[in-house]
Amino acid sequence: AMVRSRGLGEGHRGQRCALAEILGEGGAGVVRRATDRLLGVCVAVKTLRPGAGSPEPRIRREIAALRLLRLPGVVTLRDEIREGDEVHLVMDLVEGSVFPGANGEPTWDSIGPLARSLLETLGRVHAAGVVHRDLKPGNVLVGADGRVTVVDFGLSRGPSPPTVAPPMTVAFVG
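Source: prediction; values computed, not measured. Per chain, residue numbering runs from 1 following the sequence as it is written. Local features in this predicted model are restricted to residues whose pLDDT is 70 or higher, and side-chain atom pairs enter the listing and the counts only when it is 80 or higher, whereas totals over whole chains, interfaces and linings include all residues. Based on all heavy atoms of the structure, the side-chain values leave hydrogens and waters out of the count.

**A word on the overall build of the chain**
The test is simple: Helix and strand definitions here come from DSSP, where helices need a minimum of 4 consecutive H or I residues and strands a minimum of 2 consecutive E residues; each element is numbered from the N-terminal end. When a residue's accessible area, from a 1.4 Å probe over protein chains only, is under 20% of the maximum for its type it is buried; when over 50% it is exposed; and in between it is partly exposed. Whether two residues are in contact is decided by their heavy atoms, any of which lying within 4.5 Å being enough. Method for areas: the Shrake-Rupley scheme with a 1.4 Å probe, in which residue coverage is limited to the protein chains shown.
Along its length, the chain carries 2 helices and 8 strands. Element order for the chain, N to C, with α for helix and β for strand: β-β-β-α-β-β-β-α-β-β. Among the 174 residues that make up the chain, the fraction classed as buried is 37%. In the chain, once contacts between residues fewer than 6 apart in sequence are set aside, the share between residues at least 24 apart is 51%. Working note: accessible area of the chain is about 10200 Å², and carbon and sulfur atoms make up 57% of it.

**Topic: the side chain of Arg16**
Quick reminder of the rule: Under the rule applied, a polar contact is a pair of N or O atoms within 3.5 Å (in protein, one hydrogen donor and one hydrogen acceptor; residues adjacent in sequence only if both atoms are side-chain atoms).
When you line up the elements, Arg16 lands in the segment before β1 (17-25). Here Arg16 falls in the buried class, since its relative accessible area comes to 8%. A polar side-chain atom of Arg16 sits 2.8 Å from a polar atom in the side chain of Asp36.

Shown next as structure tokens:
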């Protein structure tokens, strides 16, 4: 059931998303299920308000990390929309339960493949130069199909700017 409908990106862009129920809340903002009218799909919209637990550098870090991390096992950022003092991150909707999932009492046989998938995802994230810094069960969702997806990169740190190597001297002996 629709809790409220509001157009994100109103104005010349038209109404982008119709917001629905809250999926999660934290100190940084609120995540809602939404319908993306432009794409015709259900999405998740994370609304952040600078100064209310989400300082502007944190918002920029999360956007930068999600733009960089177009990887399996990481939630996909579709768009970011700024309205006044709010920032809306339009992301793929990940249907699932918090890690280790909703399959009853976890056993090593049930959690082992999930842990391996999570570690493989974190390996790809770290290889891209990003450290999540807030990994906890609530930031790892397990879909009904067993796929693990890492979300909430608000505290992440990205790759350092490239450093310039000192010039090398090459000598040929012959």
